[in-house]
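Residue-level structure breakdown
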Amino acid sequence: MRVDLVTIFPAYFHVLDFSLMGRAREAGLLDVVVHDLRGWTADRHRTVDDAPYGGGAGMVMRADVWGRALDEVLAAPPTPPEADEEGGDAPEPVLDPHAPPRRRILAFPTPSGVPLTQAIAQDLAGADQLVIACGRYEGIDQRVADHYRDQEVEVLEYSIGDYVLNGGEAAALVLVEAVARLLDGVLGNPESLVEESYSAAGLLEYPVYTRPRSWRGIETPEVLLSGDHARIARWRRDRSLVRTARRRPDLIDALDAKDLDGRDREV
Ligand code: ADE
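This text gives an overview of the structure that appears in the document.

**Section: the nonpolar core**
Counting residues in hydrophobic clusters, the biggest one holds 30 residues, and the most contacted among them are Leu5, Leu130 and Ile132. The set of elements that each furnish at least two residues to this core consists of strand E1 (2-7), helix H1 (19-26), strand E5 (104-115), helix H3 (118-124), strand E6 (129-133), strand E7 (154-159) and helix H5 (169-180). Of the residues forming this core, the biggest block, 7 residues, is contributed by H5. For Leu130, the residues in contact, after removing those within four places along its chain, are Met1, Arg2, Val3, Asp4, Ile105, Ala107, Leu124 and Leu175. Counting residues in each nonpolar core, the second largest holds 22 residues, with Ile8, Leu70, Phe108 and Val153 among its members.

Shown next as structure tokens:
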């Protein structure tokens, strides 16, 4: 997958050189390109914003600057194939006339977007290109998202939570990590994704423990040391239910009654 990040703070994304994301990039599973929005400004001061029509506080990012940037970034070619083992040149990409159209997503982090969920991340993991337009100040002129929605691009205005950040960069990092870890080959142990998909069934994860067995007088729950897999599974499910009821009662309300067994109702 190719990810393009457009921002006025390119240095913000240096963290993507490290850890799981850095390894995914080295392995050629993920191609991340960071662009400085000011490269598409047309004046000496490299202006990206202006006062809002209708008045009010703050500044709005200009549609003309964003339009020039996004036209160019969305026209970027797909990630080229890796060079072969002997270090030879990568083969020329062959254009297949029967290939499905490339799936391009243009995402705008904004506190007024739809809440980002695991289901959205899962869907985006199937895209060929993910472009994230990071706004600052009071946001990006609304015509930008509206314009590209009319092109062959899927537009997503998303929020990472009910709080306001200074700009979209932190929310862009969140989206990149949520999507990239779902790509084939990125996680060392894809089993963890299977476990997570159970929690995506609507409950929070149960608490986890590892050695030492006793730490500062706090014992590991005895059931986890029992080797009794059925008891362990039941205990974990109970802890998930209790935790979810306390911390996210909205998720309990949203559960489908047919997914609850008799014991669940007792918890
Ligand atoms: N930009 C500012 N606040 C944000 C939020 N909560 N989610 C996504 N983008 C944002």
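**Notes on unusual backbone geometry**
Along the chain, Arg211 connects to Pro212 via a cis peptide bond; the corresponding omega equals 0°. With respect to the secondary-structure elements, Pro212 resides in the loop between helix H6 (191-199) and strand E8 (214-215). Its identity is not glycine, yet Ser19 carries a phi of approximately 60°, on the positive side. Within the secondary structure layout, Ser19 lies in helix H1. Given a relative accessible area of 56%, Ser19 falls into the exposed group. Its identity as a non-glycine residue notwithstanding, Tyr137 has a phi of 55°, on the positive side. Relative to the helices and strands, Tyr137 is located in the loop between E6 and helix H4 (143-149).

**Observations regarding the environment of Gln129**
Its place among the elements puts Gln129 in strand E6. For Gln129, a relative accessible area of 0% translates into the label buried. Considered as a pair, Gln129 and Val153 are 24 residues apart in the sequence and their alpha carbons are 10.0 Å apart. Filtering out sequence-adjacent residues up to four positions away, Gln129 remains in contact with Arg2, Asp4, Val73, Leu74, Ala76, Arg102, Arg103, Arg104 and Ile105.

**Considerations on the environment of Arg211**
Secondary-structure assignment places Arg211 in the loop between H6 and E8. Here Arg211 falls in the exposed class, since its relative accessible area comes to 76%. Taking C-alpha positions, Arg211 is 15 Å from Ser226, a pair spaced 15 residues apart along the chain.

**With respect to the environment of Asp264**
Within the element layout of this structure, Asp264 appears in helix H9 (residues 262-266). The spacing of Asp264 and Val242 is 22 residues in sequence and 9.8 Å in space, taken between C-alpha atoms. Excluding residues within four positions of it along the chain, Asp264 makes contact with Arg234, Arg237, Leu241 and Asp259.

**What to know about the pattern of salt bridges**
As enumerated under the stated definition, the model contains 19 salt bridges in all. The partner of Arg103 in a salt bridge is Glu154, and the shortest N-O contact between them spans 2.7 Å. One end of the pair, Arg103, is in the loop between helix H2 (63-74) and E5; the other, Glu154, is in strand E7, and 51 residues separate them in sequence. Since its relative accessible area comes to 21%, Arg103 is described here as partly exposed. Here Glu154 falls in the partly exposed class, since its relative accessible area comes to 36%.

Cut-off values and rules
- Residues numbered from 1 in each chain as written.
- Predicted model: local features only at pLDDT ≥ 70, side-chain atom pairs only at ≥ 80, totals over all residues.
- Heavy atoms only, no water.
- Core = buried A, V, L, I, M, F, W, Y, C linked by side-chain atoms within 4.5 Å.
- Buried < 20%, exposed > 50% of the residue type's maximum accessible area, 1.4 Å probe, protein only.
- Helix = DSSP H or I, 4+ residues; strand = E, 2+ residues; numbered from the N terminus.
- Contact = heavy atoms within 4.5 Å.
- Salt bridge = Lys/Arg side-chain N within 4 Å of Asp/Glu carboxyl O.

Keep in mind these values describe shape, not function.
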